[in-house]
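Listed below are the residues making up each chain.
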Amino acid sequence: MQTCEVCRTPFTWKQVTKSLLAAYKPISCRTCGNRYKVQFLSRVLASLLVFGPIFMAILFSRPISTQMLIFVAFIVLPSVFVALPYLIRYRIA
Ligand SMILES: [Zn+2]
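This is a predicted model, so every value here is computed, not measured. (Residues numbered from 1 in each chain as written. Predicted model: local features only at pLDDT ≥ 70, side-chain atom pairs only at ≥ 80, totals over all residues. Heavy atoms only, no water.)

**Re the layout of surface pockets**
Point 1. The volume enclosed by the largest pocket comes to roughly 220 Å³.
Point 2. Every residue lining the largest pocket is listed: L20, L21, Y24, A46, S47, V50, F51, L77, V80, F81 and L84.
Point 3. Taken together, the residues of the lining of the largest pocket break down into ten nonpolar, one polar and no charged. (1 Å grid on protein atoms, 1.4 Å probe; cavity = no way out; pocket = protein on both sides within 12 Å on 5 of 7 lines; lining within 4 Å. Points joined across faces, edges and corners; volume = space filled by probe spheres on them. Nonpolar A, V, L, I, M, F, W, Y, C, P; charged D, E, K, R; others polar.)

The structure is reproduced here in structure tokens:
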């Protein structure tokens, strides 16, 4: 997890997840209050990780198999969701 560049306080998983769900809302450091914005490349990465598996499932399973959709919906997407806050990078706003 990324830490604050000023005071080294780590961001929490919850903080980052909330920021992602709110369309990459800026985060404020819990200790020093500095604001952080999601880096552009992290936004691209997040979109790829979320929409990539969905497109792959649709493109490569013809006819679309229920197992494939269930796999993506209940295994791939939740894993991406848990891992994303560790991959996303912020920079000071
Ligand atoms: Zn801080």
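Here the narrative resumes, following the displayed structure.
**Description of the coordination of the zinc ion**
Ideal geometry at a metal gives 109.5 degrees between four tetrahedral donors and either 90 or 180 degrees between six octahedral ones.
Point 1. Taken together, the protein ligands of the zinc ion are C4 (SG), C7 (SG), C29 (SG) and C32 (SG), with distances of 2.2 to 2.3 Å.
Point 2. Because the angles between the four donor atoms bound to the zinc ion fall within 104 to 117°, the donor set is best described as tetrahedral.
Point 3. The motif formed by the donor residues of the zinc ion, counted along the single chain, is C-x2-C-x21-C-x2-C. (Donors = N, O, S within 2.8 Å, 3.2 Å for Na, K, Ca; no water. Tetrahedral: all angles 85-135°; square planar, octahedral: opposite > 155°, others 65-115°.)

**A short note on the packing of helix α1 (residues 13–21) against helix α3 (residues 66–87)**
Point 1. Closest axis-to-axis distance for the α1/α3 pair is 9 Å, and the angle between their directions is 105°. Our classification of the angle between α1 and α3 gives roughly perpendicular. On α3, the residues touching W13, V16, T17, L20 and L21 of α1 are F81, V82, L84, P85 and Y86.
Point 2. Looking at the contact of α1 with α3, its residues break down into nine nonpolar, one polar and no charged. (Axes fitted to C-alpha atoms, helices over the stretch in contact; angles between N-to-C directions. Helix = DSSP H or I, 4+ residues; strand = E, 2+ residues; numbered from the N terminus. Parallel < 35°, antiparallel > 145°, perpendicular 65-115°, else oblique. Contact = heavy atoms within 4.5 Å.)

**Describing the packing of helix α2 (residues 40–60) against α3**
Point 1. Packing of α2 against α3 leaves a shortest axis separation of 9 Å and a crossing angle of 170°. Classified by the interaxial angle, the pair formed by α2 and α3 is roughly antiparallel. Judged by residue contacts, S42, L45, A46, L49, V50, P53, I54 and A57 of α2 engage M68, L69, V72, V76, L77, V80, L84 and L87 from α3.
Point 2. A per-class count over the contact of α2 with α3 returns 15 nonpolar, one polar and no charged.

**A word on the packing of aromatic side chains**
Point 1. Summed over the entire model, instances satisfying the criterion amount to three aromatic pairs.
Point 2. When the centroid spacing of 5.1 Å and the interplanar angle of 70° are considered together, the rings of F11 and Y36 count as edge-to-face. Within this pair, whereas F11 is found in the segment before α1, its partner Y36 is found in strand β2 (residues 35–38), the two being separated by 25 residues in sequence.
Point 3. Taking relative accessible area as the criterion, F11 reaches 4% and is therefore assigned buried.
Point 4. Between F11 and Y90, the ring centres sit 5.7 Å apart and the planes meet at 85°, which makes this aromatic pair edge-to-face. Here Y90 lies in strand β3 (residues 90–92) and F11 lies in the segment before α1, a separation of 79 residues in the sequence.
Point 5. Its relative accessible area of 2% is what places Y90 among the buried residues.
Point 6. Taken together, F11, Y36 and Y90 form an aromatic cluster joined through their ring pairs. (Phe/Tyr/Trp six-rings, centres within 6.5 Å; stacked < 30°, edge-to-face > 60°. Buried < 20%, exposed > 50% of the residue type's maximum accessible area, 1.4 Å probe, protein only.)

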